[in-house]
Every structure is written in C-alpha cells, then in structure tokens.
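Report on the structure
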Amino acid sequence: MSNSPSLTESIRPGADPHVAERARLGEIDESVRLPVLVFTIAALFWLMVGTLFGLLASFKFHNYEFFADAAWLSMGRIRTAHLNTVIYGWSTCAGIAVALWLMCRLSRTRMRHANILIVAAIFWNVGLTVGIYGILAGDMTSIEWLEIPGYATPLLFIAYACIGLWAIITFRFRTNSHVYVSQWYILAALLWFPWLYGTAQIMLIFEPVRGTVQSLVNWWFAHNVLGLWFTPLGLAAVYYFIPKVLGKPIHSYYLSILAFWTLALFYNWAGVHHLIGGPVPAWVISAGVVASVMMVIPVLITALNHHVTMVGSFGMLKWSPVLRFSVFAAMSYTAVSLQGSMMALRSVNEITSFTHFTVGHSHWGMYAWFTMAMFGALYYIMPRLLKREWPSATLIRVHFWAVALGVGTYIVALTIAGWIQGLYMTDPSRVDSFGDITSFTLPWLVVRSISGVMILIGHVAFVINVALILAAKPAKESAPTLFSETSDDLGKEAARS
Amino acid sequence: MKSLPVIFLGVFFTLAFSWTGVVLIPQQQFGALERQEADDGTMHPAPLSGLATQGLQVYLDLGCVYCHSHQVRRPGFGGDTEWGWGDRQSVARDYINQPVMVLGTMRTGPDLKNVGDRIPDAGWHYTHLYDSRLSHPDSIMPPYRFLFEKRKITGEPHPRALSGLGDQAPPEGYEIVPTRRADALVAFLLSQRLNYDLEEAQREF
C-alpha cells in the first residue's frame with residue numbers, strides 16, 4: 001500500500017515523486033487487462049441474465065399464471081436458475097476479476113501465465129452455461145447451492161483449480177515484501193473454494209453419503225461459500241479501495257490480521273444453523289450456533305477498522321463513486337453479519353427460519369454487501385485497465401441510487417414479510433388457515449417485485465456505461481498512462497461535485 | 001506471518017477442523033443408521049417404492065423444496081405439530097431410505113414430511129397439482145398442468161381422468177389424464193408418512 005500514490009499526492013502529477021512507480025503500475029495493469037476484462041464481461045452478462053431470472057421468479061410469486069405452462073420456467077427452476085447465475089455467474093466472475101487485479105497490484109508483479117486464466121474463464125463459462133441449461137431442462141439436483149447437475153460441475157471445478165494455482169504462482173513472484181491483508185483474504189479464498197466445492201460435490205453428487213448427513217454437508221458447503229469465498233473476496237476489495245481512495249492507511253493492520261484468523265476459525269462452523277431443530281445431532285447444531293455468535297468478533301473488528309478509517313472523510317462520499325459503493329458495502333457487511341449472528345439464536349431462529357426473512361438476509365449479504373463491493377471495485381479498476389474515464393457520471397448516479405434504493409426496499413419488504421410469516425407460523429392459533437399467512441405476506445412480495453425492477457434499472461445503467469467505456473477511444477494515447485488518467489479523474493470528480 | 005505456508009496451513013487446518021466436526025464425526029455417529037424393528041416385528045421406516053423414488057426425482061427437478069420443507073421440528077419448537085404437520089418430530093432415521101435430502105429452508109407452503117398421512121387421497125393430490133386454487137382459493141402454489149395431458153376422448157373415458165375441475169374442466173369431449181411423472185410424484189407424496197414410532201422420537205399424543 002504505502003508506496004502506491006495516494007489521491008492527494010496525485011493532485012499535482014508534475015510534482016509527483018512516484019512517476020516511475022506509476023508507470024510500473026500501468027505496466028502491471030496492461031498485463032492483467034485481458035483476463036480481468038474477460039471475467040468482468042462474463043460477470044456482467046450473468047448479472048443481467050440473473051436479474052431477469054430473479055424478476056421473473058418474483059413475479060411468479062404473486063402471479064402464478066405467469067408462464068405457468070412452461071415447465072422450464074416453473075417457479076422452482078427459475079428461482080434456482082436465478083440463484084446459480086447470480087452466485088456462480090455474476091458474483092464469482094466479478095470476484096475473480098477483482099481478485100486477479102488486486103493480486104497483481106498488491107504483489108507488484110506483472111501477470112504471468114495469463115493463459116491459465118483464459119482457460120479457466122472458458123471452462124467456467126461453458127460449465128455454467130451447461131449447468132444453467134441443465135437446471136432449466138429439469139436435471140437440477142435440488143441440493144441448495146449445488147443445483148448444477150453433475151455433468152457440468154467438473155468443468156467448474158477445473159476452472160477453480162486453475163485460478164487457485166495461478167494465484168499461488170503470482171503470490172510467489174511478488175516483489176513487495178509486505179503482504180497486505182487483501183492478499184491474505186484473496187489467497188485464502190482461492191484455496192478454500194476448490195476444496196470446499198470438490199468435497200461437497202463428491203459427498204453429495206458423486207458418492208453421496210446417506211441420510212441427513214447430506215444436509216450437514218450441504219450447509220457446511222453452502223454457508224462456507226458465503227463465508228470463505230465471497231466474504232474474503234469482498235473484504236479484500238473493501239480493505240483495498242477504502243484506504244486507497246481516501247489516501248490514508250487502514251486504521252490498524254494488526255486488527256485486520258486478527259479479524260482474518262477469527263473469521264477463518266468461526267465462519268467454518270456456522271453453516272449448520274440452517275438446520276436448527278432439524279433431524280441432525282443437537283451437538284452439531286449447538287456448535288454451529290456458538291460459532292455463529294462468535295462471528296460477532298471478526299465482524300466488529302472489521303467494522304471498527306473500516307469505519308474508523310472513514311472517520312473524518314465522509315465528505316468524500318459526495319464525489320467518489322468507488323468510495324460510495326465500497327462504504328455502502330462495508331456498512332452492509334457489518335449490519336448483515338450481526339443480523340446473521342442473531343438469526344442463529346434459537347429463539348430468533350424459531351421465528352425467522354423457513355420464512356422470507358432469510359431470503360431478505362441473503363440478499364442483504366449477497367447484494368447490499370458483496371455485489372456493492374464489486375461495483376465499487378469495478379468502478380476503480382475499469383478506467384485503469386482501459387486507460388480512459390467513465391463516459392457518464394449520470395449513469396453512475398442512476399446506477400447507485402437505483403440499486404441502493406432497490407435493495408433497501410427489498411430488504412425492508414422481505415424482513416417484514418418474513419417476520420409476519422414467522423410469527424403466525426409459530427403460533428397457528430392466531431390465524432384461521434395457512435392461506436391467511438400467504439395473504440398477509442403477499443403485498444410485501446409485490447413490493448419485492450417493484451424493488452427488483454429498480455435494481456434492474458440500475459444494472460442497465462451500469463451495463464450501458466461499461467459498454468460505452470469499452471467502445472470509447474483511449475484518452476490521449478500519447479500521454480503517460482496513469483499521468484493523464486489521474487488528472488482526468490480529478491477533473492471529472494470535480495465536475496461531479 | 002508473511003509467508004505462503006502460514007496462510008496455506010491456516011486455510012487447511014481451519015477447513016479441516018470444521019469438516020471433521022460438522023461432517024466426519026456425524027458421519028461416524030449416524031451415517032450408517034439401520035431400520036428399527038417395531039413391537040409387531042415390522043421394520044421402520046419402510047423403503048421407498050420404485051415409483052415413489054422416481055417421484056422424488058420429479059420433486060427434485062421441479063424444485064418443490066424451494067417452497068416446502070421436509071422436516072417436522074419437535075413439539076413446542078416452531079408450531080410444526082400444532083399445524084398438524086406431524087404428531088412427532090422427524091429424526092435422522094426417518095430419512096435413511098431416501099437417496100437425496102430435501103429438508104428445505106422455506107415454508108411458502110406447509111411441511112410435507114407427513115403429507116401422505118395427512119392427505120391420503122391420491123385424487124386430491126392430482127387435482128391440487130393440476131390447480132391448487134381448486135382446493136384452496138387463496139393458494140399461491142403454481143399450477144403443474146404440464147404434468148397432465150389433455151386428450152380427446154375416444155371411446156371409453158380414461159378411468160383415471162381428473163374430475164371435479166370446476167372452471168378448469170376441459171371442453172366437452174376432452175379429458176385430463178395424469179402423466180407418468182404425475183403418478184410418480186403423487187406416489188412419492190403419499191409415501192411420506194410419520195405414522196410409526198421410533199425409539200428416539202417418542203410420539204406425543
């Protein structure tokens with residue numbers, strides 16, 4: 001971190017002592033351009049597809065005749081296609097794109113063996129396309145988060161393994177002796193994921209274990225995808241971009257390491273809270289509940305670190321899109337994680353389990369936290385890769401407000417719906433029939449569809465902006481790369497404020 | 001702590017630790033449960049019939065699990081027994097004959113672990129799958145009409161053609177007949193019963 005130029009230092013590039021350093025960063029960016037772009041574009045494709053699937057599923061909740069006679073568009077399948085496209089398409093591809101860029105940047109090394117990554121991207125996207133097709137065509141497994149049929153998953157596994165291998169190589173060639181916390185998170189995530197995925201595939205699809213042990217494997221996997229894959233990738237981004245944009249170091253390096261290890265230890269065990277009250281041994285569940293509550297420790301440490309770094313700089317949220325998305329994400333991380341720990345308490349879980357409350361929670365996590373962190377990161381990375389600025393500040397503004405309000409509405413609606421649903425479901429004497437619960441929640445499900453439309457608008461704005469920046473001509477090709485780019489940057493930012 | 005081996009070992013041990021606890025030990029503990037003999041000598045739970053196993057596949061590929069859970073929690077926790085979704089909680093042994101678990105995390109609709117005992121009438125299930133509004137006007141369960149075939153009646157009407165379809169009835173001269181997938185699915189639903197006792201799940205009357 002310390003030897004890359006901060007924003008304040010970049011204000012007068014002429015007087016900048018880091019010109020050589022920046023030329024080197026430019027060279028690194030050049031070497032990562034292709035793989036990062038490939039993963040980003042794939043991510044955006046899946047983001048749009050996933051948004052449409054999600055919207056369709058949401059509409060079908062309050063409009064059951066909507067495409068009712070097409071089996072491949074039936075509720076169970078379309079909802080699952082939504083989950084798998086946004087998780088394995090958008091979130092994973094975006095996470096990888098950001099991780100690749102950060103890894104090279106922080107290791108201060110040119111990208112080596114980019115072809116491994118291109119191979120990974122191909123395997124990955126072909127595998128996913130086959131998988132989503134399989135889900136819609138009726139081959140899905142109905143094992144939550146692992147619905148992609150067994151004939152597609154080996155392709156995905158190969159892709160993951162390639163990326164893990166590449167990350168280790170890059171890390172070994174680092175020229176920077178200092179290891180920043182983002183590197184810890186990325187490396188750990190890239191190592192955890194193939195292992196998790198491979199184990200779950202074997203124990204559930206290829207050589208299934210018997211009985212409800214399957215459910216334990218299922219939730220050990222599914223929750224760890226969040227905790228040991230998306231969370232570390234998101235944290236890596238936020239840990240980098242908030243201090244980067246602010247031009248000051250993270251509040252405490254040691255706290256960040258402490259948070260890393262406590263997260264690694266506790267998150268692992270937390271997943272079984274999905275089975276509270278279920279037909280599995282009570283002691284496993286108790287361990288899961290304890291671990292979920294212990295997650296408060298890494299979360300609060302991380303929150304302290306992020307938010308204290310922000311103190312005194314909130315004014316910058318006005319002009320920096322990167323910061324705005326990243327801080328929105330960091331705040332959501334704190335909130336959603338604390339909510340998650342609470343939901344693991346048996347008394348709360350009794351009400352929220354099996355309801356829309358959980359769906360609200362997962363969108364809070366995967367969208368308001370992870371997805372927003374990725375948007376923030378991409379707003380920073382793309383101009384550096386392409387050596388040109390974002391063409392439209394208005395589109396960025398539309399993007400931010402549409403998705404921020406959209407996901408906010410989503411969370412509020414489903415939290416209320418879920419709570420109502422849970423209260424009545426725990427006490428049948430309060431309602432006449434099960435149908436009453438449906439009627440009480442239905443208006444909120446309509447609100448969810450509206451929030452989905454808002455989110456779609458935001459995504460369209462983002463995709464247009466990305467298309468425009470891709471199509472635009474590089475700004476002042478002859479000028480030194482980062483030089484002109486940073487001054488452009490500031491000109492735009494100034495105009496924006 | 002700056003080097004690759006530290007991260008690598010940390011990553012390895014944390015995941016191995018949780019895998020051992022959450023997966024391996026339970027697998028040792030109850031991964032090989034056997035059926036249990038009741039006083040009258042019958043073995044519980046009964047195996048799934050071939051058709052019911054195919055029905056489970058239909059249940060899986062249509063994603064019923066995303067609206068229906070498949071587990072009854074103990075009386076006093078969450079109102080499951082008060083709803084009449086089962087007289088007792090479901091325990092690990094209840095699931096040993098089922099190749100894929102669908103415990104579920106969502107109850108847009110009622111729990112189905114004991115649905116065969118609660119609604120033993122196959123005809124009801126066919127009609128309900130064809131259009132749930134026929135039995136529950138406020139239901140949001142999607143219609144599964146594509147599991148049925150609309151046929152022109154030639155000669156004798158099909159013995160298992162759906163009746164009582166109300167405003168969903170086919171035009172004169174046509175009939176609605178369940179496909180094999182519908183038959184399998186209904187067989188699976190009817191097989192889901194918790195009407196036997198297991199030592200570890202004392203029934204509460």
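Everything quoted here is computed from the prediction, not taken from an experiment.

Conventions we followed
- Numbers given for residues are sequential positions, taken from 1 along each chain in its written order.
- Each chain gets a letter, beginning with A, and each ligand a number, beginning with 1, in the order they are written.
- In keeping with the predicted nature of the model, local features appear solely for residues at pLDDT of at least 70, side-chain atom pairs appear and are counted solely at 80 or more, and the whole-chain, interface and lining totals rest on all residues.
- Note that water and hydrogens are dropped before the side-chain values are worked out from all heavy atoms of the structure.
- Contacts are assigned to residue pairs with any non-hydrogen atoms lying within 4.5 Å of each other.
- In this description, buried area is defined as the sum, over both parts, of the accessible area (probe of 1.4 Å) that is lost when the two are combined.
- Note on definitions: salt bridges are taken to be side-chain nitrogens of Lys or Arg within 4 Å of carboxyl oxygens of Asp or Glu.
- Here a polar contact is taken to be a pair of N or O atoms separated by no more than 3.5 Å, where protein atoms must pair a possible hydrogen donor with a possible acceptor and residues adjacent in sequence count only if both atoms sit in side chains.
- Counting from the N terminus, the helices are the DSSP runs of H or I reaching at least four residues and the strands are the DSSP runs of E reaching at least two.
- Burial classes: relative accessible area under 20% of the type maximum marks a residue as buried, over 50% as exposed, and values in between as partly exposed (1.4 Å probe, protein chains only).
- Take the number of residues in a helix, subtract one, and multiply by 1.5 Å to get its expected span.
- Confidence of the predictor in every single residue is expressed as pLDDT, which spans 0 to 100.
- Definition used in this section: a nonpolar core is a set of buried Ala, Val, Leu, Ile, Met, Phe, Trp, Tyr and Cys residues joined via side-chain atoms within 4.5 Å.
- What marks off one domain from the next here is an automatic or database domain assignment.

The subject of this paragraph is the interface of chain A and chain B. Counting residues at the interface gives 86 residues for chain A, matched by 69 residues for chain B. Carbon and sulfur atoms supply 68% of the area that chain A and chain B bury against each other, a total of about 6800 Å² over both sides. Run the count over chain A and chain B and you get 3 salt bridges. In this structure, the salt-bridge partner of A:Glu65 is B:Arg145, at a minimum N-O distance of 2.7 Å. Where chain A meets chain B, there are 19 residue pairs in polar contact (both at pLDDT 80 or more).

All right, on to the environment of B:Gly164 then. Residue and element names in this part refer to chain B. Its place among the elements puts Gly164 in the loop between strand S3 (148–152) and strand S4 (174–178). You can call Gly164 exposed: its relative accessible area is 65%. In this structure the C-alpha to C-alpha distance between Gly164 and Leu134, which are 30 residues apart in sequence, comes to 8.5 Å. Residues in contact with Gly164, not counting those within four places in the same chain, are Thr127 and Leu134.

To continue, consider the side chain of B:Arg73. Within the element layout of this structure, B:Arg73 appears in the loop between helix H2 (50–62) and helix H3 (115–118). Non-local contacts of B:Arg73, meaning those with residues more than four positions away in its chain, are made with A:Ile276, A:Gly277, A:Glu350, A:Ser353, A:Phe354, B:Gly78, B:Asp80, B:Thr81, B:Gln89 and B:Arg107.

What follows deals with helix H5 (residues 180–191) of chain B. All names here are of chain B. Relative to the 16 Å expected for 12 residues at 1.5 Å per residue, H5 spans 16 Å between its end C-alpha atoms, a close match to the ideal helical length. Of the positions making up H5, those classed as buried are Ala182, Asp183, Ala184, Leu185, Val186, Phe188, Leu189 and Leu190. On its buried side, H5 packs onto H2, H3, helix H4 (122–130), S3 and S4.

Let us now look at helix H4 (residues 153–172) of chain A. With 20 residues, H4(A) should cover 28 Å at 1.5 Å per step; its first-to-last C-alpha distance of 29 Å lies within 8% of that length. Three or more residues of H4(A) are buried, namely A:Thr153, A:Leu156, A:Ala159, A:Tyr160, A:Cys162, A:Ile163, A:Gly164, A:Trp166, A:Ala167, A:Thr170 and A:Phe171.

Residue and element names in this part refer to chain A. Position of Thr358 relative to the elements: it lies in helix H12 (residues 356–386). For Thr358, a relative accessible area of 19% gives the class buried. When sequence neighbours within four positions are dropped, the list of residues in contact with Thr358 reads Met343, Thr352 and Ser353.

All names here are of chain B. Applying the stated rule across the entire model yields 16 salt bridges over all chains. For Arg107, the salt bridge goes to Asp111, with nearest N and O atoms at 3.4 Å. You can call Arg107 buried: its relative accessible area is 1%. The class of Asp111 is buried, set by a relative accessible area of 0%. Bridged by salt links that share partners, the residues Arg73, Asp80, Arg107 and Asp111 form one connected network.

Okay, unusual backbone geometry next. Looking along the chain, the bond that leaves B:His44 and enters B:Pro45 is cis, with omega of -10 degrees. Looking at the secondary structure, you find B:Pro45 in the loop between strand S2 (43–44) and H2. If you check the backbone angles, A:Phe354 has positive phi at about 65 degrees while not being a glycine. Within the secondary structure, A:Phe354 sits in the loop between helix H11 (346–352) and H12.

The subject of this paragraph is the environment of A:Asp432. Residue and element names in this part refer to chain A. If you trace the backbone, Asp432 turns up in the loop between helix H13 (393–426) and helix H14 (434–471). With a relative accessible area of 75%, Asp432 lands in the exposed category. On a C-alpha basis, the gap between Asp432 and Ala303 in space is 45 Å, while along the polypeptide they are 129 residues apart.

Right, let's get into the confidence of the model for chain B. Residue and element names in this part refer to chain B. For chain B, mean pLDDT is 92; residues scoring 70 or higher make up 97% of the total. Within chain B, no element has a lower average pLDDT than helix H1 (residues 4–30), which sits at 91, and none a higher one than H5, at 98. Across the interfaces of the predicted complex, the ipTM metric reaches 0.95, alongside a pTM of 0.92.

Membership of the largest hydrophobic core comes to 202 residues, with the highest contact counts inside it found for A:Tyr88, A:Trp101, A:Trp145, A:Phe221, A:Trp229 and A:Phe241. Of the residues forming this core, the biggest block, 23 residues, is contributed by helix H6 (residues 213–246) of chain A. Composition of this core by domain shows at least three residues from each of domain 1 (1–32) and domain 2 (38–191) of chain B. The residues contacting A:Phe241, other than those within four sequence positions of it, are A:Val98, A:Trp101, A:Leu102, A:Val322, A:Ser326, A:Ala377, A:Tyr380 and A:Ile381. Counting residues in each nonpolar core, the second largest holds 7 residues, with A:Met425, A:Val431, A:Ile437 and B:Trp83 among its members.

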